[in-house]
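Understanding the architecture of this molecule
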Amino acid sequence: SFAHGEYFEAFAPYMRKGCVVACMPARSGGDILFASKLGEKAKDMIFMGFETLPWACRFTEWGRKATCLGTKGSILAAVTPTSKFNQAFSMLQGCLGVFPNIVESPTNLGISLRNPGAQIHPGVMYGRWCKEKWDGKPVSQKPLFYQGVDDFTEKVLLGLTNEVQAVKKKMESIVTNLDLKDACTLHQWYLDCYGGQMTDDSTLKSCMNTNPGYRGLTHPCKEVEGGMYVPDLKYRYLSEDVPTGLCFNKGLGELLGVSMPMTDKVLLWAQDCIGWKIMVDGKMNGPDIGRTRAPQATGITTLQAFCQAACLQPACSSVPRALEVKQNFKVVFLRHGESQWNVANIFTGWADVDLSPAGELEAVEAGKCLKERGYKFDVVFTSVLRRAIKTAWTALMHSDNYSMPIINSWRLNERHYGALQGLNKAETAAKHGDDQVKIWRRSYDIPPPSIEETDPRHPCNDPLYRNVPAAALPGAESLKLTVDRVLPFWFDNIAPCIMAGRNVLVAAHGNSLRAICKYLENMSEEQVLELNIPTSVPLVYELDSRLRFVRKYYLMDPDEVAKKMAAVANQGKAK
């Protein structure tokens, strides 16, 4: 974060109007710094400040390589101007995928005041190494950082967080309708981020002492003669978190006239540790103030100037969120046309059979239907099975869609029917009974009998899947297993394209499409079993800016759709 200003200046000549600039994490005052570095050009840009990184990660080779330990479930982000949130959200969520889910914070000021590193790191360092607690002599072992917080350090931290709350309340009393709900206390931050993980969350101290994620983490120290240790008082906990965090809080407090005695005490101690002069005679006007995120670093000396820079005044205010036009996305699903084995009433699964003549005509009609309604596509997703691929090709050709990437994935294949694959559905129903066949075909979590890897029908014996790990290839699948196979492709590939504003067509199979529909509509297991998607009828799903279901409809006469649905439902019954 200490280098954000340099990045903004370097990128500025290449930024065009409407460019979205996202900082992960933005730290305190990221939006103010951005506006100051870009000047008038900032008014044409969109700044998106994130509270944290999307992943839990660590550098494993400095400047070259990082290891991601996991993806976070959600992250807070705010946008300036707030009226551009949907645009920025769609772009960034499209880049990230469905996870982590970006959660809207009302303002970047809320993100700034929420910054836990601005309080925790300097506060814990002060609580252990200030003159009241440390005599300056080396210690025999590195003290625990978070889990070593004692009563004295907790008092320091409570002082810092309470002063931020005073700043928050003063701002909310001055700026009409300002929502700083995310600028919570440190105790609440721990409950929000680590709820259920701490064995004792009754106090701030107990939250830090009993957080298992902090186990074994020690103060930054340097080893000295005799195997002893002294604190590294130029570590980033002070050299970064004070200039980019604590100084913002103090600077804004000064503009508001809020008394911040604990912040003053920690800041004076910290600036001596890192060799800077930031606060002089109780004022944020030292010679090193320009190296910090304090509002004063960008020449802001009045509350009015701060509000203008942060777009908090009426002149900069956005359209009320209730009056905004919410952006909806569309995605078109297309089940392949009738196949040769559909005609023969044979369980098909992953068998790569062709379309029947009637199926080819269905695909033509689907294309004409799309053309009549003016559908144009930027990207197409389909399976690796020819009946879906040819349906996509034909529909695209007859809707005048020629130039776009077509992405094939085995994850969009039909459900694998195991030992039933290649058997006549009616004969199988007559032999085992309609009820048993329905269980195999339509129960949610009961797969049909599986086939061994030695069986020629097993996909591990098919060259189509030579680049897929053998362990990932099924010998039989229930609908539940199909859902588990399909959804990662939705999350990682299809959803990001939709959220990036691309017009998407997904041409696939009955069960792979049902898997996606189940997720989008949050269907129960019972509901999805009754979902019959007709062959080669374009199905449009409208989704909101967060890809939540809004509505769906078929692009064909309802009576014709009903007939096709009934035909699908009747497949597999004994005749």
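Right, let's walk through the structure included here. Every chain is numbered on its own, with residues counted from 1 as its sequence reads. Residue-level local features of this predicted model are given only where pLDDT is at least 70; pairs of side-chain atoms are given and counted only at 80 or more, and the full residue set underlies all totals for whole chains, interfaces and linings. Side-chain calculation: all heavy atoms of the structure are included, whereas hydrogens and water are not.

Here we look at the sheet that holds strand β10 (residues 379-382)
The line we're drawing: Note on pairing: two strands pair once DSSP finds at least 2 bridges between them. Helix numbering and strand numbering both begin at the N terminus, where a helix is a DSSP run of H or I of at least 4 residues and a strand a DSSP run of E of at least 2. As a rule, the C-alpha atoms of each element are fitted with a line to give its axis, helices using only the stretch in contact, and angles between N-to-C directions run from 0 to 180 degrees.
Taken together, 6 strands build an open sheet; the order of strands is β11-β10-β12-β9-β13-β14 and the sheet is mixed. Of all strands in the sheet, those bounded by a partner on one side alone are β11 (406-408) and β14 (549-554). Direction aside, the axes of adjacent strands within the sheet are offset by 20° on average. As paired elements, β10 and β11 share 3 bridges and run parallel to each other. Following the sheet pairing, Phe-381 is matched in β11 by Ile-407.

Some thoughts on the state of the cysteines
Stated formally: Sulfur atoms of two cysteines make up a disulfide when they are within 2.5 Å. A 1.4 Å probe rolled over the protein chains alone gives each residue an accessible area, and that area as a share of the maximum for its type sets the label: buried under 20%, exposed over 50%, partly exposed in between.
The full count for this structure, using the stated rule, is 0 disulfides. Left without a disulfide partner, Cys-207 is nearest to the cysteine sulfur of Cys-193, which lies 11 Å away. On the accessibility criterion, Cys-207 (0% relative accessible area) is buried.

As for the pairing of strand β13 (residues 539-543)
In terms of residue burial, β13 counts as a mostly covered element, since 5 of its 5 residues are buried. Burial along β13 is two-sided: the residues Leu-539, Tyr-541 and Leu-543 and Val-540 and Glu-542 are all buried. Both strand β9 (residues 329-335) and β13 contribute to a ladder of 5 bridges, which runs antiparallel. Of the residues in β13, the one forming a bridge with Phe-333 is Leu-539. As paired elements, β13 and β14 share 5 bridges and run antiparallel to each other. Looking across to β14, one finds that Val-540 is bridged to Tyr-553. Counting the residues in the hairpin turn of β13 and β14 gives 5 residues, including Leu-547, whose phi is positive at 65°.

Focus on the environment of Thr-348
Quick note on the threshold: Residue contacts are counted whenever heavy atoms from the two residues lie within 4.5 Å of one another. We define a polar contact as two N or O atoms separated by no more than 3.5 Å, with the added condition that, inside protein, one atom must be a possible hydrogen donor and the other a possible acceptor, whereas residues neighbouring each other in sequence contribute only through side-chain atom pairs.
Tracing the chain through its elements places Thr-348 in the loop between α13 (340-343) and α14 (357-372). A C-alpha to C-alpha distance of 14 Å links Thr-348 and Ile-451, two positions 103 residues apart in sequence. Apart from residues no more than four positions distant in its own chain, Thr-348 is found in contact with Ser-339, Trp-341, Val-353, Arg-387 and Gln-421. Polar contacts involving the side chain of Thr-348 include one to the main-chain carbonyl oxygen of Ile-346, which spans 3.1 Å.

Here's the deal with unusual backbone geometry
Here the amide bond leading from Met-24 into Pro-25 is cis, since omega sits at -10°, within 30 degrees of zero. For Pro-25, the location among the structural elements is in the loop between β1 (20-23) and α2 (30-38). One non-glycine residue with positive phi stands out, namely Asp-400, at about 60°. We note that Ser-536 has phi near 55°; this positive angle belongs to a residue other than glycine. Within the secondary structure, Ser-536 is located in the loop between α20 (525-529) and β13. A relative accessible area of 1% means that Ser-536 is categorised as buried.

Considerations on the sheet that holds strand β6 (residues 101-104)
The strand order across the open sheet built from 4 strands is β1-β2-β5-β6, with neighbouring strands paired in mixed fashion. Both outer strands of the open sheet, β1 and β6, are each paired with one neighbouring strand and no more. Pairwise comparison of adjacent strand axes, ignoring direction, gives a mean angle of 30° for this sheet.

Side note on the packing of helix α1 (residues 4-11) against α2
Our working rule: Left-handed describes a crossing whose near helix is turned anticlockwise from the far helix by less than a right angle; the clockwise case is right-handed. Each residue is assigned to one of three groups, with Ala, Val, Leu, Ile, Met, Phe, Trp, Tyr, Cys and Pro labelled nonpolar, Asp, Glu, Lys and Arg labelled charged, and all others, Gly among them, labelled polar.
Two elements in contact, α1 and α2, have axes whose closest approach is 9 Å; the angle formed by their N-to-C orientations is 40°. Relative to α2, the crossing made by α1 is right-handed. Of the residues in α2, those in contact with His-4, Gly-5, Phe-8 and Glu-9 of α1 are Gly-30, Leu-33, Phe-34, Lys-37 and Leu-38. Per-class residue counts for the contact of α1 with α2 are 4 nonpolar, 3 polar and 2 charged.

Quick word on the nonpolar core
Going by this rule: Put simply, a nonpolar core is a bunch of buried Ala, Val, Leu, Ile, Met, Phe, Trp, Tyr and Cys residues held in one set by side-chain atoms that sit within 4.5 Å of each other.
Within the largest apolar cluster, 52 residues are counted, with the highest numbers of intra-cluster contacts made by Phe-333, Trp-490, Ile-494 and Val-506. The element that contributes the greatest number of residues to this core is helix α18 (residues 479-499), accounting for 12 residues. Those residues in contact with Ile-494 that lie beyond four places of it in its chain are Phe-381, Leu-412, Phe-489, Val-504, Val-506 and Ile-516. Ranked by size, the runner-up nonpolar core spans 44 residues in total, among them Leu-157, Cys-184, Trp-269 and Ala-294.

Topic: the side chain of Glu-163
Definition in use: Counted as positive: Lys and Arg. Counted as negative: Asp and Glu. His and the chain ends are not counted at all. A pair is scored as a salt bridge if a Lys or Arg side-chain nitrogen falls within 4 Å of a carboxyl oxygen belonging to Asp or Glu.
By secondary structure assignment, the location of Glu-163 is in helix α6 (residues 151-174). Of the side chains bearing the opposite charge, Lys-250 lies closest to the buried Glu-163, which forms no salt bridge; the N-O distance is 7.7 Å.

Brief notes about the pattern of salt bridges
As enumerated under the stated definition, the model contains 23 salt bridges in all. For Glu-362, the salt bridge identified is with Lys-564, shortest N-O distance 2.6 Å. Of the two residues, Glu-362 is situated in helix α14 and Lys-564 in helix α21 (residues 558-569); the sequence distance between them amounts to 202 residues. You'll find Glu-362 and Lys-564 in the same group, each marked buried. Between Arg-548 and Asp-544 there is a salt bridge, with its nearest N and O atoms 2.8 Å apart. Note on Arg-548: relative accessible area 48%, which makes it partly exposed. One salt-bridge network, in which partners are shared between bridges, spans Glu-51, Arg-114 and Asp-192.

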